[in-house]
Amino acid sequence: MSALLEEESSAGRKRRRDVWSHFFYIKTEEKTRCIVPDEYGVPCGHKMGGKNTTNLKRHLRLKHPEVSAQIPETVYRPQKLCSETVKEQSRIPSMLTSRLQYHLGENEQQTKERALALWIGRSGLPVRTVEDRDFIKLMEVVDRKLTLPSKTRIINLVEGIYRDERKKFKERLATARRITIGLDIWTTKRVNFSFLAVSACFFCTVKNQPEHILLSVKQISHPYTNRSVKACVDNCTEMWGIPENKIITVITDNGSNMAAAFKTPEEEGHSSSDESEDDESSDGDWEDEDEARYGGIERIPCCLHMLQLVVNMIHKDDSASRLLQKVNAVVQQFRKSPSAMVKLRQLCGLTLINDSKTRWSGTFQMISRLLQVKDSVAQVADEMGWDCFLPSEWIKMTAIQELLLPFAEHTKTLHSDTMSLSMAVPALLDLMAHLSQFSLQSPHSDLCRLADRMKADLQERFSCFLHPSAAKFSPLAATACLLDPTVAGDALIENTDDGIQELLAEAEKFILSAVTPASLKKEDECEDGDESVREDVPPSKKRLFRFLSTKSASSKLSKQPNICVAQQDLKKYKEELLCPGSCHFERGIDFWLEQQNSAYVTLKPLALDLLAMPASQAFVKQVFSITDLKKASHNKARVIFERSAFLKLNQDK
């Protein structure tokens, strides 16, 4: 028995004496047995697997509480090891909240520095913003590990971003087939200084989608003559590497300086007939192929500017003008009274809109809002003791709203930065049909006469798009409409009006001339002239090299495949449009993007270029509405302003 006890006691790991004095470990069974005696002196004999001290103490606490009470609660690990563990555990939260800085070359540091520089560059904020105390505290809350860059670092980053963006867009412009230029001049109050903004719209072959970007915003000195405008545009296109033969057209307002800066070739020929004769003698045999395709650089007016000129005729009509003056007076009376505006907002949750001359469709928006809150306006005016509108005036206001509604809708459509020129002709035809119908159905005779005058003015102003016999007619809008399958059928192909059919013929003629190189046309003319000479040659002379003559004749026919292919593609395209349900696309450009390279070989590139064109210069006008010209008060500020405008308008492209 003593040998067994000795074996049992000698087996196992180092034990706590105060616990293990009540237990024995049986090595053969790998169990621990309790030897605590009961009241009769008989050992407990309970066995437990293993030799975990915690299990032994638990057994004593449950079965032998008087023995467990005599055992002290001591820590198993040495005191030194315990202190190191506690110290290590306390160090974990401190490491999580420590201010370990990013390395200057680390990716996180550089990414956040670039984002900070891009924000300062786009917003036009001064670079000293990074030294502001409140900004420093803000960045400490956002990211304590970020080391704020210095002013010099921010300047270099903004310059690098600006240079990289210019390089990226310059490469895209180099791959573009055709480019549309947009122009606009903005003069600050008191005529302190003026800026000329230049934009470029094109079909980006890199991203395979239309793109409109801002090229430059440059200060222009007074007076803004046609020569100064043209010089600024030439400098800009030269700086961006845009050759003149790539420019389809220039979109401007109707200012006389803009119109004179971009004259048509016919106008330039009439103004300098003597110089043109000298040029013909020296350069008459040379003609750039691309200029012959598109007729050189030409200018087309901004559709939105001309539409608003037609809409503004309502202010020149005596009857409508008197009502609009009263509407303006009531709106101003409400807006100048805080109590009236509070009551109106409590009743309907809306406020009145003031008419603004610089906002397109401003009159329509003012009348529409007034009619929308008609009952609330009448109630507030009665409470304030003000005169309001008569029932007949409310009825006439509704008629004016109906008259201006299509103009507002088409203004919104033509306002887009890209893919809106194809909508110009359908919008104009729809407006003329609306004015004709309004003049026949409206019970207000004065508004009927106004609608007739607006229709005549609309036809006269947009003769450059609708009437091929006009002196400044441009086939671009009609051609873009024809190549847009979403509108071509209703607007041109299926329209039996003689004027529309003539417009369709001009569009087809332009397409055929655009896909036919001018060099082939000249060779044909020369060869036709040679044939007329050959008629005078004796037959014996003509048959001397008859096989070579046959070969040259066959090569002549093979030189002109584009005309036949273009005619076939155009015929196939028109037949496809006449089929019901042929075009299920929301945008016309999606139809051409889906076409394979083998389908419509001659039409697809031209269609993509023309459908990408805008109908207005609305994009370039955004420069002066989303940027602060007041900051450009001196030379250094102007540089910051130009860069911020470039980075802000060209973001996400």
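Residues numbered from 1 in each chain as written. Predicted model: local features only at pLDDT ≥ 70, side-chain atom pairs only at ≥ 80, totals over all residues. Heavy atoms only, no water.

(A) Geometry of the overall build of the protein chain. The helix and strand inventory of the protein chain stands at 33 helices and 8 strands. Within the protein chain, buried positions represent 42% of all 653 residues. A sequence separation of at least 24 residues applies to 68% of the contacts in the protein chain between residues at least 6 apart. For the protein chain, the exposed surface amounts to about 36,700 Å²; the carbon and sulfur share of it is 52%. (Helix = DSSP H or I, 4+ residues; strand = E, 2+ residues; numbered from the N terminus. Buried < 20%, exposed > 50% of the residue type's maximum accessible area, 1.4 Å probe, protein only. Contact = heavy atoms within 4.5 Å. Areas by Shrake-Rupley, 256 points an atom, 1.4 Å probe, with all protein chains shown as cover.)

(B) Quick peek at helix α19 (residues 391–414). Taking 1.5 Å of rise per residue, the 24 residues of α19 would be expected to cover 34 Å, and the 35 Å separating its terminal C-alpha atoms lies within 8% of that figure. Its axis deflected by about 35° at L404, α19 carries its strongest bend there, up to four residues before the proline P406. (Expected span 1.5 Å × (residues − 1). Bend = angle between axes of the 7 residues up to and from the residue.)

(C) Just the confidence of the model for the protein chain, in detail. Chain-level statistics for the protein chain give a pLDDT mean of 82 and a share of 80% at 70 or above. Below pLDDT 50 for its whole length, residues 75–81 participates in 1 contact with residues either more than four positions away or in separate chains. Considering only residues more than four positions removed or in separate chains, one finds that residues 270–296, a stretch of pLDDT under 50, has 29 contacts. (pLDDT = per-residue confidence, 0-100.)

(D) Local environment of the pattern of salt bridges. For the structure shown, the criterion picks out 20 salt bridges. Among the ionic pairs, K621 bridges to D184, the shortest N-O distance being 3.5 Å. Here K621 is found in helix α32 (residues 618–626), whereas its partner D184 is found in strand β4 (residues 179–187), with 437 residues between them in sequence. Note on K621: relative accessible area 24%, which makes it partly exposed. The network of salt bridges with common partners includes E108, K112 and D143. (Salt bridge = Lys/Arg side-chain N within 4 Å of Asp/Glu carboxyl O.)

(E) Region of interest: the packing of helix α14 (residues 303–311) against helix α21 (residues 445–461). Put simply, α14 and α21 touch, their axes get as near as 9 Å, and they point 155° apart. When the axes of α14 and α21 are compared, the pair comes out roughly antiparallel. Taken as a pair, α14 and α21 cross one another with a handedness that is right-handed. Residues M306, L307, L309, V310 and V311 of α14 lie in contact with α21, whose contacting residues are M454, D457, L458 and R461. A breakdown of the residues in the contact of α14 with α21 according to their chemical character gives 7 nonpolar, no polar and 2 charged. (Axes fitted to C-alpha atoms, helices over the stretch in contact; angles between N-to-C directions. Parallel < 35°, antiparallel > 145°, perpendicular 65-115°, else oblique. Left-handed = near helix turned anticlockwise from the far one by under 90°. Nonpolar A, V, L, I, M, F, W, Y, C, P; charged D, E, K, R; others polar.)

(F) Structural view of the pairing of strand β8 (residues 298–301). Of the two faces of β8, the one lined by E298 and I300 and the one lined by R299 and P301 are each fully buried. By the bridge criterion, 4 bridges tie strand β7 (residues 247–252) to β8 in an arrangement that is parallel. From the neighbouring strand, T252 faces β8, where its bridge partner is P301. (Pairing = 2+ DSSP bridges.)

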